[in-house]
Structure formats: structure tokens, C-alpha cells
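Chains, contacts and geometry: an overview
Below are the chains, spelled out letter by letter.
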Amino acid sequence: MEKVTVFGAGSWGTALSYVLAQNGHDLLLWTHRKEQAEEINNHTNERYLKGVQLPDSIKATADLDRAVAHADIIVLAVPTKAIREVSRDIRARLSKKALFVHVSKGIEPDSLKRISEMIRDEIPAEFIEEVVILSGPSHAEEVVLEHPTTVTAACANTQAANRIQDLFMNSYFRVYTNTDVIGVEIGGALKNIIALAVGITDGLGYGDNAKAAIMTRGLAEIARLGVKMGATPLTFSGLSGVGDLIVTCTSVHSRNWRAGNMLGKGKSVEEVLEEMGMVVEGIRTTKAAHQLAERYQVPMPITQALYMVLFEGVKPELAVEELMGRMKKNEMEDLVDLL
Ligand SMILES: NC(=O)C1=CN([C@@H]2O[C@H](COP(=O)(O)OP(=O)(O)OC[C@H]3O[C@@H](n4cnc5c(N)ncnc54)[C@H](OP(=O)(O)O)[C@@H]3O)[C@@H](O)[C@H]2O)C=CC1
Ligand SMILES: O=C(CO)COP(=O)(O)O
């Protein structure tokens, strides 16, 4: 049994707490809202997991001192934009080393840092045993129904990855390991951009050919950037690559797909964000990926098209027209570059 605190009681932090509590760990779930801690201690989290009865063994708190003191393993489950703030609050209370796990999917605009890099910026090395990334095709709504789900625990240190594999693994939640931290973080973050784009073409009524095209060419541009950043190409054919791309582009649960769908149907970014009430990571990540494409001099036409729609007010139909009218290419150009 491990002593674990999950920081962030949105849909994913709560679903992972469900898994950890069921696995018999000494689990505490931290939220920054006192009334939400009380609700979870009464076994529901209606805003984020509607209609779900949580087990008694999930204990929630809004007391940061208690949450940090409790943990040998710290699971960060807040959106990317809150990672630095929450890490700083944790650092101010740390008195011993902890194993950090993050489950968020994003890249920080401007600094262009991956989440594990942001955590290492904020927490001194003397308090970090390791940082492990848990990522893969996994919607919270299905995990709490105990539907079969597979994810990967990524860390260059295989012992740490194995410990996190053991922590989460059970009969419905199967965890693999991977040593390619860059590939896993880039795949998890950038698939949200492609899901937004697929949502848009679905919203425009373009159908399945367009969906397949964006998913396939989207994966090509994610891999193209990832490899330039130091990822292993094969990671993109794994759970945190094509696996997560499939689930996010095709699931009714995906916030990124749903946000894109509303954009395709003519809503503005502001209207969409107001209606969602949950994090849509792909929007900020589009800005970061657009900057990364420039930094690494990598062509990322779908990201570029989405950037124009989200941040430059270009109509989705026009962005699609522009994508289709690009110069002709060899489909395997990227592969040739990799060989
Ligand atoms: N949902 C899913 O199925 C999956 C999500 N993820 C990733 O997990 C991360 C979290 O997503 P998810 O749980 O879905 O997001 P949600 O929008 O469901 O919840 C976000 C949670 O973070 C809290 N929060 C936001 N800002 C802060 C802050 N500054 N300090 C403390 N708490 C804060 C919110 O609090 P409040 O309620 O007060 O706003 C809320 O509890 C994202 O990166 C997402 O991509 C990964 C895999 C699956
Ligand atoms: O990462 C996810 C599933 O693996 C969640 O995707 P959304 O944020 O689009 O819901």
C-alpha cells in the first residue's frame, strides 16, 4: 500500500483517485475548493463526474499542508496552466522527497516547456525522486465505469515507471511502461490539437473522409515535430500516440472534439469555452505547437490552420480550403526524412 495524494479534483483527478482507492492505497484527493472536498467526502463530484457514486475510501481535503504531508507519491492532475502554481504551493510545504506523477496533457506557450520540465523548474531536485508521466487513451467517464482502459507510465528510470505501473494497474486499468518521456508528453499534448480540428470538420459536416485525413496527417505532423525534439518515432504508434489520437478524435467524451465541433457549427472561441466549463487543453497547446513548429522549423499545416481559426479569426471553411490547396507532396516524405 502506498501513500498517495492526487492534486486536482476535476474529472481525471477524481477518476484516478477512484482507481487508486480501489487498489487499496492510502489515498487523499486535494481540491482548492472546500465545498468540493465536502461533496467528495459525501461520495459525489457532480460537476465533473455526473451520477457517479465514489467509494468511501476516497478521502478529500482542501488543506494543502495535510495533502503534502500525506504523500510519498504526488499525482498532479490539474490543467497545464495550473501546474506551476500548484507545484509552487506544494514545494513550499515539502520536507521530504516524493515520487511525482503528472497526468496532464499540454505544453506551456512561450517557454515551450513540457509539463515534466515545468515541474522540475518549480520543485528543487532534492525533493524529487523522479517524475513519471501517465498518459494514453483514457476518458475519466469510462474509467469510473470500470471499462477496460490502457495507458502508459513513462520515465527514463524504469524502476520508477514500474512502481507507477504497479500503483495503478488492476483488472480494468492496464498500465504499460515506456522510457520515451519526450514522445509520450508530445503525443499526449498534441493529439488535442488534432481532436479540435476533427471536431471542426465534423461540425462543418465534412464527414469521415475528412476525419481520417486529419487524424492521419495530424499524426504525421505530431511525429515530425516530436522526432525533431528527440522523441523515438515508434512512440507515436503507441498508446500515447495513435491510441490517444483515436480516442480523442472519436469519443463523445472528448472536450477537445466537442469544442471543435461547436466551432465548426459557428460558435466563437469565447462562447465555446463558456459552454464547456471544463478544460480544453488543445487551445493553449495550439499556440505552443505553433511556436514549436517555428522553433524547430517543422511544417505543421493542420496546427497552422487551427491557429488561424483560433487566434486570427479565420473562418474554419477557409482554413480547410487552404489546407486542401497546399502544394502537392509525397505522402512518405516524413519517412524518407527519418531514414
Ligand atoms: N478528463 C479526462 O478524461 C482526462 C484528462 N486528462 C488531462 O488531465 C488534466 C486535468 O483534466 P481534467 O481533470 O479533465 O480537467 P477538469 O476541467 O475536469 O478539472 C480541472 C480541475 O483542476 C482544478 N484547477 C484548475 N486550476 C486550478 C488551480 N490553479 N489550483 C488548483 N486546482 C485547479 C479545477 O478546479 P475548479 O473546479 O475550481 O475549476 C478542477 O478541479 C488535463 O491536462 C487533461 O488533458 C488526461 C487524461 C484523461
Ligand atoms: O486525454 C484525454 C483522453 O485520453 C481527454 O481528452 P479531452 O480533454 O479531449 O476530453
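Residues numbered from 1 in each chain as written. Chains lettered and ligands numbered in written order. Predicted model: local features only at pLDDT ≥ 70, side-chain atom pairs only at ≥ 80, totals over all residues. Heavy atoms only, no water.

Ile186, Leu190 and Ile194 are the most contacted members of the largest nonpolar core, which has 45 residues in total. Going through the elements one at a time, α8 (181-204), α9 (207-229), α10 (239-250), α11 (255-264), α12 (269-276), α13 (281-296) and α14 (301-311) are the ones with two or more residues in this core. Sorting elements by how many residues they give to this core places α8 first, with 11 residues. Of all hydrophobic cores here, the second largest spans 41 residues; its members include Ala15, Leu134, Ala140 and Val175. (Core = buried A, V, L, I, M, F, W, Y, C linked by side-chain atoms within 4.5 Å. Buried < 20%, exposed > 50% of the residue type's maximum accessible area, 1.4 Å probe, protein only. Helix = DSSP H or I, 4+ residues; strand = E, 2+ residues; numbered from the N terminus.)

Within this numbering scheme, the UniProt entry marks Lys105, Gly136, Ser138, Lys191, Asp244, Ser254, Arg255 and Asn256 as carrying the feature "binding site: sn-glycerol 3-phosphate" (unreviewed entry). With respect to the helices and strands, the residue Lys105 is situated in the loop between β5 (98-102) and α5 (115-122). Look at Lys105 and you get buried, because its relative accessible area is 14%. Residue contacts for Lys105: discarding those within four places in its chain leaves Thr80, Ile115, Ser135, Gly136, Ser138, Gly188, Ala189, Lys191, Asn192, Asp244, Glu281 and Thr285. A polar contact of 3.0 Å, which involves the side chain of Lys105, links it to the backbone oxygen of Gly136. Exposure remark for Ser254: the relative accessible area of 1% places this residue in the buried category. Contact partners of Ser254, with chain neighbours within four places excluded, come to His139, Ala195 and Thr248. Only 3.2 Å separates the side chain of Ser254 from the backbone oxygen of Thr248, close enough to count as a polar contact. (UniProt positions renumbered as here; feature names shortened; annotations may be inferred. Contact = heavy atoms within 4.5 Å. Polar contact = N/O pair within 3.5 Å; in protein donor to acceptor, adjacent residues only side chain to side chain.)

Domain annotation for the protein chain reports domain 1 (3-179) and domain 2 (182-338). The centre of domain 1, based on its C-alpha atoms, is set 26 Å off from the matching centre of domain 2. Contacts between the two partners involve 32 residues from domain 1, matched on the other side by 31 residues from domain 2. When domain 1 packs against domain 2, close to 2,600 Å² is buried across both sides, 61% of that on carbon and sulfur atoms. Among the residues of domain 1 in contact with domain 2, Lys105, Leu112 and His139 are the three that bury the most area, contributing 25% of the side total. Inspection of the domain 1/domain 2 interface yields 2 salt bridges. Of the charged contacts, one joins Lys105 and Asp244 as a salt bridge, the two residues approaching to 2.7 Å between their closest N and O atoms. The interface formed by domain 1 and domain 2 contains 9 residue pairs in polar contact (both at pLDDT 80 or more). Put simply, the parts of the chain that give the side of domain 1 that touches domain 2 at least two residues each are α5, β6 (128-135), α6 (140-143), β7 (149-154) and β8 (173-178). (Domains from an automatic or database assignment. Buried area = accessible area lost by both parts, 1.4 Å probe. Salt bridge = Lys/Arg side-chain N within 4 Å of Asp/Glu carboxyl O.)

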